[in-house]
Amino acid sequence: MQLQVKGRNTSVTDALFDHAEHKLERLARIMPPWDDAMTVELELSVEKNPKIERRQIAEVTVRTKGPVLRARESAEDMYTAIDQAARKLERQARRYRERRKSHAGRPALDELAPPPPPEEAAEPEEYQEEEPPQLMKRKTFEMKPMSPEEAALSMEMLGHEFYVFRNEAGEVNVVYRRRDGHYGLIVPG
């Protein structure tokens, strides 16, 4: 396991690095043996807004041969944020390992357990004019070819509503969670 720790608005001390390494090394034991070349990126940041109670943020991204696992936790101190993120990643890694064991190969898209239907949000009573949204963050990631089933599994592991991937033919596709709890696939036409 390779661990990279970055700090944003904070410095990464040796004690923080050692604590993070100790907490995140348990992932290597949980992950399946074929994922031995995983890299773990930990970004520690501090929000400067004093009105935010839990300003210490630990954001962890685990890149494996399978899906990308990600956790973001905030707390009043950095050690607690790291602990919470590590626990969340351990749960995701166990779920990933169990799914790989139970399916003994590629899971079928319709065999993945759909999540419970989302609760309907109440309509706002008054329309308030707001500023148009701005692009605040840009993410770049490698898109390796995969099947829609693998993409749905990756989406489940990340806890996202959609997942952009490149299919075996090299085309960009999107798998998404439908309102009825099942999955949909968008293919370019």
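Residues numbered from 1 in each chain as written. Predicted model: local features only at pLDDT ≥ 70, side-chain atom pairs only at ≥ 80, totals over all residues. Heavy atoms only, no water.

Asker: Help me understand the pattern of salt bridges, please; the structure alone is not making it clear to me.
Answerer: Pairs may arise between side chains of opposite charge once their charged atoms sit close together. Applying the stated rule across the entire model yields 11 salt bridges. With a shortest N-O distance of 3.9 Å, Lys 23 and Asp 83 are connected by a salt bridge. With Lys 23 in helix H1 (residues 14-24) and Asp 83 in helix H3 (residues 78-103), the pair connects residues that are 60 residues apart, well separated along the chain. What you see here is one network of salt bridges that share partners, running through Arg 26, Glu 90 and Arg 94. (Salt bridge = Lys/Arg side-chain N within 4 Å of Asp/Glu carboxyl O. Helix = DSSP H or I, 4+ residues; strand = E, 2+ residues; numbered from the N terminus.)

Asker: Can you walk me through the nonpolar core in this structure?
Answerer: Nonpolar side chains in soluble globular proteins generally cluster together in the buried interior. Formed by 29 residues in total, the largest nonpolar core has its most connected members in Leu 24, Leu 42, Leu 44, Val 60, Val 62 and Leu 89. Among the elements of the structure, strand E1 (2-8), H1, helix H2 (26-30), strand E2 (39-46), strand E3 (56-63), strand E4 (68-75), H3 and helix H4 (148-158) are those that each provide at least two residues to this core. Top element by residues in this core is H3. It accounts for eight residues. The residues touching Leu 42, leaving out its near neighbours within four places in the chain, are Leu 3, Gln 4, Val 5, Lys 6, Ala 20, Leu 24, Ala 58, Glu 59 and Val 60. Ranked by size, the runner-up nonpolar core spans 10 residues in total, among them Met 146, Ala 151, Val 175 and Tyr 183. (Core = buried A, V, L, I, M, F, W, Y, C linked by side-chain atoms within 4.5 Å. Buried < 20%, exposed > 50% of the residue type's maximum accessible area, 1.4 Å probe, protein only. Contact = heavy atoms within 4.5 Å.)

Asker: Explanation requested: the environment of Gln 4 in the structure shown.
Answerer: For Gln 4, the position within the fold is in strand E1. Separated by 36 residues in the primary sequence, Gln 4 and Val 40 have C-alpha atoms spaced 6.2 Å apart. If we skip the residues at most four places from it in the chain, Gln 4 touches Val 40, Glu 41 and Leu 42.

Asker: It is not clear to me how unusual backbone geometry should be interpreted in this structure. Could you clarify?
Answerer: Keep in mind that most residues, glycine aside, have a negative phi and that most peptide bonds are trans. Look at Asn 9: it is not a glycine, yet its phi comes out positive at around 65°. The topology assignment puts Asn 9 in the loop between E1 and H1. According to the relative accessible area criterion, Asn 9 is partly exposed, its value standing at 48%.

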